[in-house]
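Architecture and fold: a report
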Amino acid sequence: MGTYVQALALTITGIVLLRLGYSMLIGFYPEIFMGKKGPARGEPGDPQVCPVCTIKMVRGDLVKSLAFPSLSGGRDRLMYIRGCFSCLEHNVPRRCPICGKSLSLQDYLVSRMFDRPGRNNHVHVIGCNHCRRMGSLAR
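These numbers come from a predicted model, not from an experiment. (Residues numbered from 1 in each chain as written. Predicted model: local features only at pLDDT ≥ 70, side-chain atom pairs only at ≥ 80, totals over all residues. Heavy atoms only, no water.)

**Remarks on the overall build of the protein**
When you go through the protein residue by residue, the secondary structure sums to four helices and four strands. When the elements of the protein are put in sequence order from the N terminus, they spell out α-α-β-β-α-β-β-α. Within the span of the protein, comprising 139 residues, buried residues form 22% of the whole. Considering only contacts within the protein whose residues lie at least 6 apart along the sequence, 40% involve residues at least 24 apart. When the accessible surface of the protein is summed, it comes to about 10400 Å², and 60% of that surface belongs to carbon and sulfur atoms. (Helix = DSSP H or I, 4+ residues; strand = E, 2+ residues; numbered from the N terminus. Buried < 20%, exposed > 50% of the residue type's maximum accessible area, 1.4 Å probe, protein only. Contact = heavy atoms within 4.5 Å. Areas by Shrake-Rupley, 256 points an atom, 1.4 Å probe, with all protein chains shown as cover.)

**Let's talk about the pairing of strand E2 (residues 76-84)**
One ladder, built from five bridges, connects strand E1 (residues 63-67) with E2; its direction is antiparallel. Bridge assignment links Ser65 to a residue of E2, and that residue is Ile81. Two elements, E2 and strand E3 (residues 109-114), share six bridges in a ladder whose sense is antiparallel. Within E3, the residue paired with Met79 across the bridge is Ser111. (Pairing = 2+ DSSP bridges.)

**A short note on the state of the cysteines**
Counted by the stated rule, this structure contains zero disulfides. This cysteine, Cys50, is not joined by any disulfide, and Cys84 carries the nearest cysteine sulfur, 3.7 Å off. In this structure Cys50 comes out as buried when scored by relative accessible area, which is 0%. Here Cys84 is not cross-linked by a disulfide; its sulfur's nearest cysteine counterpart is in Cys53, at 3.6 Å. (Disulfide = S-S within 2.5 Å.)

**Regarding the pattern of salt bridges**
Where charged atoms from two side chains of opposite charge come close, those side chains can pair. Throughout the structure, instances matching the rule amount to two salt bridges. Across the pair Arg112 and Asp76 runs a salt bridge, and its minimum N-O distance is 2.3 Å. With Arg112 in strand E3 and Asp76 in strand E2, this pair connects stretches of sequence that are 36 residues apart. When the shortest N-O distance is used, the salt bridge between Arg77 and Asp115 registers 3.6 Å. In this pair, Arg77 is assigned in strand E2 and Asp115 in the loop between E3 and strand E4 (122-128), connecting sequence segments 38 residues apart. Classification of Arg77 as partly exposed rests on a relative accessible area of 24%. (Salt bridge = Lys/Arg side-chain N within 4 Å of Asp/Glu carboxyl O.)

**Topic: the nonpolar core**
One recurring pattern in soluble globular proteins is that nonpolar side chains are buried together. Of all hydrophobic cores here, the largest spans 17 residues; its most connected members are Cys50, Val52, Cys53, Cys87 and Leu109. For this core, the secondary structure elements donating two or more residues are E2, E3 and E4. Beyond its immediate stretch of four places on either side in the chain, Cys87 contacts Cys50, Val52, Cys53, Val92, Arg94 and Leu105. (Core = buried A, V, L, I, M, F, W, Y, C linked by side-chain atoms within 4.5 Å.)

**Structural notes on the sheet that holds E1**
Taken in spatial order, the four strands make up an open sheet running E1-E2-E3-E4, and their pairing is antiparallel. The sheet is open, and its two borders are formed by E1 and E4, each paired with just one other strand. Strand after strand, the sheet turns through a mean of 35° between neighbouring axes, direction not considered. (Axes fitted to C-alpha atoms, helices over the stretch in contact; angles between N-to-C directions.)

**A look at the packing of aromatic side chains**
Using the criterion set out here, one finds two aromatic pairs in the structure. Judged by centre distance (5.1 Å) and plane angle (80°), the ring pair of Phe68 and Tyr80 falls under edge-to-face. Here Tyr80 lies in strand E2 and Phe68 lies in the loop between E1 and E2, a separation of 12 residues in the sequence. With relative accessibility at 29%, the residue Phe68 sits in the partly exposed group. An aromatic cluster of three or more residues is present, and its members are Phe68, Tyr80 and Tyr108. (Phe/Tyr/Trp six-rings, centres within 6.5 Å; stacked < 30°, edge-to-face > 60°.)

Here it is, written out as structure tokens:
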């Protein structure tokens, strides 16, 4: 009876250790075992997606931006979007969703932010600091 209990305890311990080792290995190297290559991507304009690098953001991630006060007293304001932590701190390609031009770390997106009481604010990207400047000079 004693050897049976010892064999069962060793088997359970072995299964737990294998499962723990497997989950740790998958956690450290998911691109090898799960076929993932980098962070998850989305489409520009999708919710919870950085408009600069199109990486899907998780709860708690923030986009670095600067919103100016409304001059007309309306509910829309001018806003500059620099990007999320991934595209500002890591080597992730940054592109303007309007003109498709590659953006450097100093470039930003020009957008309008609409304040909606009782709901989340709505952001509409107009262009980057390059294509928006050209568009305003052509008018």
